[in-house]
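# Topology and contacts: notes
Residue-level listing of the chains:
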Amino acid sequence: MKRSLALVFITLLVFSCKQTTRSDVDNTESLSEEVEIQSDNTEVQSEEGLQDISSKDFREFKVLDSEHLTKAEIWELVGPQMEDFTQSDHDRLKSMILEQDIPSLQNSIAIGNLSYEELAKFYLFRIRAFDRENDLSLNSVISINPEIIKQATAADKNKSSKQHPIFGMPILLKDNIDASGMATTAGAVALKNNETEDAFIVTKLKSKGALILGKANLSEWAYFFCGDCPSGYSAVGGQTLNPYGRRIFDTGGSSSGSAVAVAANFCVAAIGSETSGSILSPSSQNSAVGLKPTVGLLSRSGIVPISSTLDTAGPITKNVTDNAIVLDAAFGEDEADDKAFMILWSEGFYYSDLSESSLQGKRFGAPKRLMEDSLFVLAVNDLKKLGAEVIEIDEIEIGLPNFIRLLNLDMKRDLPKYMENFANDSIPQKSVSDFVAFNMADSVSTMPYGQRLFRGIMADMGTDEDLERIKDTLKTNGLKYFNDPMQLEQLDGFLSINNYHAGFAAVAEYPAITVPMGYTEKGEPKGLTIISKRLREKQLLEWAYTYEKATNHRRAPEGFN
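Everything in this summary refers to the structure shown in the same document. (Residues numbered from 1 in each chain as written. Predicted model: local features only at pLDDT ≥ 70, side-chain atom pairs only at ≥ 80, totals over all residues. Heavy atoms only, no water.)

### Observations concerning the overall build of the protein chain
Scanning the protein chain for helices and strands turns up 18 helices and 13 strands. A burial count over the protein chain gives 64% of its 561 residues as buried. For the protein chain, the proportion of contacts with a sequence separation of at least 24, taken over those separated by at least 6, is 80%. With an accessible surface of roughly 20,300 Å², the protein chain has 49% of that area assigned to carbon and sulfur atoms. (Helix = DSSP H or I, 4+ residues; strand = E, 2+ residues; numbered from the N terminus. Buried < 20%, exposed > 50% of the residue type's maximum accessible area, 1.4 Å probe, protein only. Contact = heavy atoms within 4.5 Å. Areas by Shrake-Rupley, 256 points an atom, 1.4 Å probe, with all protein chains shown as cover.)

Structure (structure tokens):
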């Protein structure tokens, strides 16, 4: 059925922007639940339903604390190792650690005022004190590396002047990223015992000396599971809450725990993952810096997938400097990843010379409709003061047809590959249908919000030919959306808010960075997002660094000091 371009464009904006409050849904589900069957020759032109994988601004939660994880379980192995670290130790170290960037932390360690062991224990103390089963609970962390203190002690003994800046820095991983010593659950009860080897990206981080502190909560199955649930909920981890407004502001999804933990100073940095907005959304909602790289720059091997076409990991940090350092430590060619490419850049490529960055003469496109947002207007004016040229543009009226079908068809193929090649052999479930059946055995505790999107995957009967056609159309549309105005106006980058244009950046496979641009009158964080062409991460980091240093908008959430 044909629709006007205007209608398609309006529908697309519903997906791109954060959603308004939705009513809660019934938590019952039966095997006979009606789903839309999409035959192999059906083309779905409407973007209706795309909001299911974006943020949902819920106010009523069916579940807060997990029924499958307790604070005692998290700290069973590490708690006894923390007996020598007290509140007075935490308070003594606060000024050296809270809100400090990695170079500052490394300097404190180099001059003997701080050790890697103290740094790790500081974050562990904070997680144990604030994160679960108290009035400030954020439910951002699912598990702790049982070897973290031993590894931090070893880092103190092995430090040298030639180490990468990431050396000894405690990093949290989104819990869809494999890491030895901890299960990779993707927030799902069926994967609670999914003990694995390290993902490729984790081996890269460890090779530079990074310390894996633990795993962060997430929107279950990276938010491509329920369709009718709040951002930040998983059956294993419970409901992640925004430290800037617990049960008031949306956390963003799906790397919710990663961004919340960074915002609350529970780690130096975190790794998230994004298919469409899952780094940009929670980073902006929690006043953090989030980078979604060009697809293929960072390995996806050993990461529970949604879409091998669009998935990427990426860093979430409190500042741009740290973001550049984490990216520099994590990139590298993975021959097992068919999207990977050889990068010949040397160590330090992303973080060196950031202080020499400039916006002078850079040209950015600003969508006219966003000029109604006062924080965005302020950001645009700040960019102009820093020497940038900002051109107000009319966005191309083009849609993203069959976006959800791309995810359906990719995940139907990609999840079994992960289960076969990376998951623990003891997990009997191998396919989406297997996990749907598992959840039905105890629907109240495994899927209180249902599993509508998983059912949609099962119902989609598309062929390999359908998938390739959908991918081609989406890639063409995404590239056109950015490239036409960039070529017409000779733009270096495209300006946005939060994850508003995440869908287009996803299908174009273009990198994007979000950096704090202030807070609404109610105190809700917002991010200035900049999108540019393939492999322009260094430029994005430079532009964001210059803006960040000039404006310094980020402030730590109150009550977590």
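### What about the packing of helix 5 (residues 116-130) against helix 6 (residues 148-158)?
To describe two helices that pack against each other, one gives the angle between their axes and the distance between the axes. With their axes 7 Å apart at the nearest point, helix 5 and helix 6 run at an angle of 155° to one another. With respect to their mutual orientation, helix 5 and helix 6 come out roughly antiparallel. Residues Tyr-116, Glu-117, Ala-120, Lys-121 and Leu-124 of helix 5 lie in contact with helix 6, whose contacting residues are Ile-148, Ile-149, Ala-152, Thr-153, Ala-155 and Asp-156. Here the residues of the contact of helix 5 with helix 6 are counted per class, giving seven nonpolar, one polar and three charged. (Axes fitted to C-alpha atoms, helices over the stretch in contact; angles between N-to-C directions. Parallel < 35°, antiparallel > 145°, perpendicular 65-115°, else oblique. Nonpolar A, V, L, I, M, F, W, Y, C, P; charged D, E, K, R; others polar.)

### Some points on the packing of aromatic side chains
Within the structure shown, the criterion is met by 21 aromatic pairs. Centre to centre, the rings of Trp-221 and Phe-454 are 5.2 Å apart; their planes meet at 50°, and the pair counts as tilted. Here Trp-221 is found in the loop between strand 3 (211-216) and strand 4 (233-234), whereas its partner Phe-454 is found in helix 15 (residues 452-459), with 233 residues between them in sequence. For the pair formed by Trp-221 and Phe-454, the shared burial category is buried. Between the aromatic rings of Phe-364 and Trp-543, the centroid separation amounts to 5.1 Å while the plane-to-plane angle is 85°, which identifies the pairing as edge-to-face. With Phe-364 in strand 9 (residues 363-367) and Trp-543 in helix 18 (residues 537-551), the pair connects residues that are 179 residues apart, well separated along the chain. Here Phe-364 and Trp-543 have matching classes, each one buried. Ring pairing ties together the aromatic residues Tyr-481, Phe-482, Phe-494, Phe-504 and Tyr-510, which thus form one cluster. (Phe/Tyr/Trp six-rings, centres within 6.5 Å; stacked < 30°, edge-to-face > 60°.)

### Concerning the side chain of Ser-496
In this fold, Ser-496 is placed in strand 11 (residues 493-497). A relative accessible area of 1% places Ser-496 in the buried class. A polar contact is formed between the side chain of Ser-496 and the side chain of His-501, at a distance of 2.6 Å. Here Ser-496 is in contact with Leu-370, Phe-376, His-501, Gly-527, Leu-528 and Thr-529, once residues within four sequence places are set aside. (Polar contact = N/O pair within 3.5 Å; in protein donor to acceptor, adjacent residues only side chain to side chain.)

### What about the pattern of salt bridges?
Applying the stated criterion across every chain yields a total of 25 salt bridges. A salt bridge links Asp-466 to Arg-469; the nearest nitrogen and oxygen atoms lie 2.8 Å apart. Taken together, the residues Asp-466 and Arg-469, both in helix 16 (residues 464-489) and three residues apart, mark about one turn of the helix. One continuous salt-bridge network, built from bridges that share partners, spans Asp-84, Glu-117 and Lys-121. (Salt bridge = Lys/Arg side-chain N within 4 Å of Asp/Glu carboxyl O.)

### Brief notes about the sheet that holds strand 6 (residues 269-274)
The strand order 1-3-2-6-8-7-12-13-11-9-10 describes an open sheet built from 11 strands, whose pairing is mixed. What marks the edges here is a single partner per strand, and that holds for strand 1 (141-144) and strand 10 (389-393). On average, adjacent strands in this sheet sit at an angle of 30° to one another, irrespective of strand direction. Its contacts with the sheet put helix 5 on strand 1, strand 2 (170-174) and strand 3, and the angle it makes with strand 3 is roughly 15°. (Pairing = 2+ DSSP bridges.)

### Topic: the state of the cysteines
Working definition: the covalent bond between the sulfur atoms of two cysteines is a disulfide. Per the stated rule, a full pass over the model turns up one disulfide. Each sulfur in the disulfide pair Cys-226 and Cys-229 lies 1.6 Å from the other. The pair formed by Cys-226 and Cys-229 is uniform in burial state, with each residue classed as buried. (Disulfide = S-S within 2.5 Å.)

### Digging into the packing of helix 7 (residues 200-207) against helix 10 (residues 320-330)
At a minimum axis distance of 7 Å, the contact between helix 7 and helix 10 shows a crossing angle of 110°. Between helix 7 and helix 10, the crossing angle belongs to the class labelled roughly perpendicular. Here helix 7 contributes Ile-201, Lys-204 and Leu-205 to the contact with helix 10, which in turn contributes Val-326, Ala-329 and Ala-330. Class assignment for the residues of the contact of helix 7 with helix 10 results in five nonpolar, no polar and one charged.

### Description of the nonpolar core
Core analysis: the largest hydrophobic core is formed by 170 residues, its most contacted members being Met-169, Ile-201, Trp-221 and Phe-482. Apart from residues no more than four positions distant in its own chain, Ile-201 is found in contact with Ile-177, Ile-271, Leu-298, Ser-299, Ile-303, Ala-313 and Ala-330. (Core = buried A, V, L, I, M, F, W, Y, C linked by side-chain atoms within 4.5 Å.)

### Some remarks on the pairing of strand 6
Here is the key point about a regular strand: its side chains alternate between the two faces of the sheet. For strand 6, a buried count of six out of six residues is recorded, marking the element as mostly surrounded by other parts of the structure. Across the two faces of strand 6 the burial is the same, with Ala-269, Ile-271 and Ser-273 and Ala-270, Gly-272 and Glu-274 all buried. Alignment of strand 2 against strand 6, held across three bridges, turns out to be parallel. Each bridged residue has a counterpart across the sheet, and for Leu-172 the counterpart in strand 6 is Ala-270.

### A closer look at the pairing of strand 11
Burial analysis of strand 11 places five of its five residues in the buried class, which makes it a mostly covered element. For strand 9 and strand 11, the ladder comprises two bridges, and the chain directions are parallel. From the neighbouring strand, Phe-364 faces strand 11, where its bridge partner is Gly-493. Judged from the four bridges that link them, strand 11 and strand 13 (residues 525-531) form a sheet pairing that is antiparallel. Of the residues in strand 13, the one forming a bridge with Phe-494 is Ile-531.

### What about unusual backbone geometry?
Backbone geometry follows two general trends: most residues other than glycine have a negative phi, and most peptide bonds adopt the trans configuration. A cis amide bond, omega 5°, links Gly-253 with the succeeding residue Ser-254. The residue Ser-254 is located in the loop between strand 5 (238-239) and helix 8 (256-263) in this model. A positive phi angle, close to 55°, is found at Asn-139, a residue other than glycine. Of note, Asn-139 is situated in the loop between helix 5 and strand 1. Unusually for a residue other than glycine, Asn-265 sits at a positive phi of about 60°. Turning to its location among the elements, Asn-265 is positioned in the loop between helix 8 and strand 6. Given a relative accessible area of 3%, Asn-265 falls into the buried group.

### Let's talk about the side chain of Asp-334
Mapped onto the elements, Asp-334 comes out in the loop between helix 10 and strand 9. Despite its burial, Asp-334 pairs with no opposite charge; the closest candidate is Arg-300, at 7.2 Å N-O. At a separation of 2.4 Å, a polar atom in the side chain of Asp-334 contacts the side chain of Ser-301. Within the local environment of Asp-334, its side chain forms a polar contact with the backbone nitrogen of Ala-336, the two atoms lying 3.0 Å apart. When neighbours within four sequence positions are excluded, Asp-334 is seen to be in contact with Phe-200, Ser-299, Ser-301 and Ala-340. (Lys, Arg positive; Asp, Glu negative; His and termini not counted.)

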